[in-house]
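In case you want the letters, here they are:
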2 protein chains.
Amino acid sequence: MVTAHHAPGETRPGGRTARTRQAVLAAVFEELGDGGYAALSMERIAQRSGIHLATLYRRWRCIEGMVCELLADLSADVLLPDTGSLPGDLRALSHAIGAFYGDARRRSLIEAVVSAAARDPEAEAVLREFFDARLTLAGRMVVRAVERGELPADTDPKEVMSALGAPFYYRILIARRPVDAALAESAATAVWAAARAGAYARPDGAPAKGAGEG
Amino acid sequence: MVTAHHAPGETRPGGRTARTRQAVLAAVFEELGDGGYAALSMERIAQRSGIHLATLYRRWRCIEGMVCELLADLSADVLLPDTGSLPGDLRALSHAIGAFYGDARRRSLIEAVVSAAARDPEAEAVLREFFDARLTLAGRMVVRAVERGELPADTDPKEVMSALGAPFYYRILIARRPVDAALAESAATAVWAAARAGAYARPDGAPAKGAGEG
């Protein structure tokens, strides 16, 4: 056992806890590149990060917690566009998602996160809340589009954003083929056409007053 | 160790091998209902099915092989419609997929299959080939639609069918919320609008001569 000099969960920027966290998440990401999800283990992450195994277990409990935290961390790099039109925003975000998942380590990561959620109710709750928050944030582009009159007022922003993401997760998890620019282009074109056709209308016909309501 | 009276892999209908297979797959399905993927183990399946553990290991090697075989088995029950129009076919199939995944055991099964593929290259190959074959079969409705002049000749049948399935897998694996009739309706409406807008055109513009070419 190592001795904790700081309280667990302390996140003083640049402090020991923050450095430990960065070292561990970087090690998880590199391990995903080396052996994918199958080879991931607390022991290997401890070895690669140089952080004591006991510290890992104290802070993350298990692999499931680590992969969920890494996904949240990396996804912050996918910026939400504001190009002035919904087709422009959808296309920019779709290509950003495509570029994100162009990296095999990130495809392994989403596999790891989904596998974690299948086994661990706590990881499942983290995953559900994480994507819900992302959909609400990204849904702002749909709220702006409704305000500009590009889409009907009863369009559900989260359903639109779910539909934009869905083809990528299908490709990675189900079809198990690489993500490419053609998929990103297809997803953006499809969602724009479908949204105009009313495919994402709220069943109750309620107008979208804000993305947070979805 | 039990003694094998028949060669492994023999599938004489109604024979001992077929009965064993049915008992084991039924036990896997029931176990998924009881404890989901997390609780699945060879020991529990042996206990529930009444088949010796050694027999299970000899025929399936691991849980991964069993869940892939169960998915293939159950999916045969989702019949491919031929209503005379593509919107009708899409709507019928979408509601059939929605009904299929309305059962929590089937949602646990797809989680189990995706988790298996993340860990085991052999399970991944089985999953990829299984969905590829399903997409080709279902793609016949798109080939018929092109022949009827409902869609442009360069429409990729497999891309259309992937887009129909994607929202269900996103809902189950990523958003982690229940599948409902509203999702089925939305998916069918979306794919029809997107296909007409050219979202699933082959990048090279080649006409679809048959669903098997995709």
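Residues numbered from 1 in each chain as written. Chains lettered and ligands numbered in written order. Predicted model: local features only at pLDDT ≥ 70, side-chain atom pairs only at ≥ 80, totals over all residues. Heavy atoms only, no water.

Let us look at the overall build of chain A. When helices and strands are tallied, chain A shows ten helices and zero strands. Along chain A, from the amino end to the carboxyl end, the secondary structure elements read α-α-α-α-α-α-α-α-α-α. Per-residue burial for chain A yields a buried fraction of 51% across its 214 residues. A sequence separation of at least 24 residues applies to 64% of the contacts in chain A between residues at least 6 apart. Split by element, the accessible area of chain A, about 9,200 Å² in all, is 53% carbon and sulfur. (Helix = DSSP H or I, 4+ residues; strand = E, 2+ residues; numbered from the N terminus. Buried < 20%, exposed > 50% of the residue type's maximum accessible area, 1.4 Å probe, protein only. Contact = heavy atoms within 4.5 Å. Areas by Shrake-Rupley, 256 points an atom, 1.4 Å probe, with all protein chains shown as cover.)

To continue, consider helix H8 (residues 140-147) of chain A. Residues and elements named next belong to chain A. For H8, the full list of buried residues reads Met141, Val142, Val143, Ala145 and Val146. Packed against the buried residues of H8 are helix H5 (86-100), helix H7 (121-138) and helix H9 (157-175). One or two steps after H8, the chain reaches Gly149, where phi turns positive at roughly 80°.

Here the focus is the pattern of salt bridges. Going through the model one piece at a time under the given rule, you end up with 42 salt bridges over all chains. For A:Arg48, the salt bridge identified is with A:Glu30, shortest N-O distance 3.1 Å. With A:Arg48 in helix H2 (residues 42-49) and A:Glu30 in helix H1 (residues 16-35), this pair connects stretches of sequence that are 18 residues apart. For A:Arg48, a relative accessible area of 33% corresponds to the partly exposed category. The partner of B:Arg171 in a salt bridge is A:Glu159, with the nearest N and O atoms 3.8 Å apart. Of this pair, B:Arg171 sits in helix H9 (residues 157-175) while A:Glu159 sits in helix H9, on two different chains. Counted as one network, the salt bridges with shared partners bring together A:Glu30, A:Glu31, A:Asp34, A:Arg44 and A:Arg48. (Salt bridge = Lys/Arg side-chain N within 4 Å of Asp/Glu carboxyl O.)

Contact geometry of H9(A) with helix H7 (residues 121-138) of chain B gives a least axis separation of 9 Å together with a crossing angle of 120°. Our classification of the angle between H9(A) and H7(B) gives oblique. In this structure, H9(A) uses A:Tyr170, A:Leu173, A:Ile174 and A:Ala175 to contact H7(B), whose residues at the interface are B:Leu127, B:Arg128, B:Phe131 and B:Leu135. Among the residues making up the contact of H9(A) with H7(B), the classes are represented as seven nonpolar, no polar and one charged. (Axes fitted to C-alpha atoms, helices over the stretch in contact; angles between N-to-C directions. Parallel < 35°, antiparallel > 145°, perpendicular 65-115°, else oblique. Nonpolar A, V, L, I, M, F, W, Y, C, P; charged D, E, K, R; others polar.)

Think of interface size as the accessible area that goes away when the parts come together; that is how it is often given. Between chain B and chain A, the residue contacts involve 35 residues of the former and 35 residues of the latter. For the pairing of chain B and chain A, the buried interface totals around 3,100 Å² over both sides, and the portion due to carbon and sulfur atoms is 65%. On the chain B side of the contact with chain A, B:Tyr170, B:Ile174 and B:Arg176 bury the most area, a combined 23% of that side's loss. Across the contact surface, chain B and chain A share six salt bridges. One can count six residue pairs in polar contact (both at pLDDT 80 or more) joining chain B with chain A. Where the side of chain B that touches chain A is concerned, the elements lending two or more residues are helix H6 (104-119), H7, H9 and helix H10 (181-196) of chain B. Among the elements that make up the side of chain B that touches chain A, the one with the highest residue count is H9(B) (eleven residues). (Buried area = accessible area lost by both parts, 1.4 Å probe. Polar contact = N/O pair within 3.5 Å; in protein donor to acceptor, adjacent residues only side chain to side chain.)

Okay, the packing of H5(A) against helix H10 (residues 181-196) of chain A next. Residues and elements named next belong to chain A. Running from N to C, H5 and H10 cross one another at 150°; their axes reach a closest spacing of 8 Å. As the angle between them shows, H5 and H10 are arranged roughly antiparallel. In terms of crossing hand, the pair formed by H5 and H10 is right-handed. Residues Leu86, Pro87, Leu90, Arg91, Ser94 and His95 of H5 form the contact with H10, whose participating residues are Ala181, Ala184, Glu185, Ala187, Ala188, Val191 and Trp192. Partitioned by chemical class, the residues of the contact of H5 with H10 number nine nonpolar, two polar and two charged. (Left-handed = near helix turned anticlockwise from the far one by under 90°.)

Moving on: the relation of the copies chain B and chain A. With an axial shift of 0.0 Å and an RMSD of 0.0 Å, the rotation relating chain B to chain A amounts to 180°. As the rotation angle and translation indicate, the two copies are arranged about a two-fold axis. The residues that chain B uses at the interface reappear at the interface of chain A in 100% of cases, marking a shared surface. (Least-squares fit on C-alpha atoms with pLDDT ≥ 70 in both.)

What follows deals with the packing of aromatic side chains. Overall, the coordinates contain twelve aromatic pairs over all chains when judged by the stated rule. Ring centres of A:Phe131 and A:Tyr169 lie 5.7 Å apart, and the angle between their planes is 85°; this geometry places the pair in the edge-to-face category. Of this pair, A:Phe131 sits in helix H7 while A:Tyr169 sits in helix H9, and the two are 38 residues apart along the sequence. An aromatic cluster is built from A:Phe100, A:Tyr101, A:Phe130, A:Phe131, A:Tyr169 and B:Tyr170, whose rings are joined through pairwise contacts. Taking NZ or CZ as reference, A:Arg59 lies 4.7 Å from the ring centre of A:Trp60, over its face. Above the plane of the ring of B:Phe100 lies B:Arg106, whose end atom (NZ or CZ) is 4.6 Å from the centre. (Phe/Tyr/Trp six-rings, centres within 6.5 Å; stacked < 30°, edge-to-face > 60°. Lys NZ or Arg CZ within 6 Å of the ring centre and 35° of its normal.)

Glancing now at unusual backbone geometry. Residues and elements named next belong to chain A. Of note in the backbone geometry, Arg61 takes a positive phi value of approximately 70° without being a glycine. Checked against the element boundaries, Arg61 lands in the loop between helix H3 (53-60) and helix H4 (63-75). Even without a glycine there, the phi angle at Arg176 is positive, about 55°. With respect to the helices, strands and loops of the structure, Arg176 is situated in the loop between H9 and H10. Assessed through its relative accessible area of 6%, Arg176 is described here as buried.

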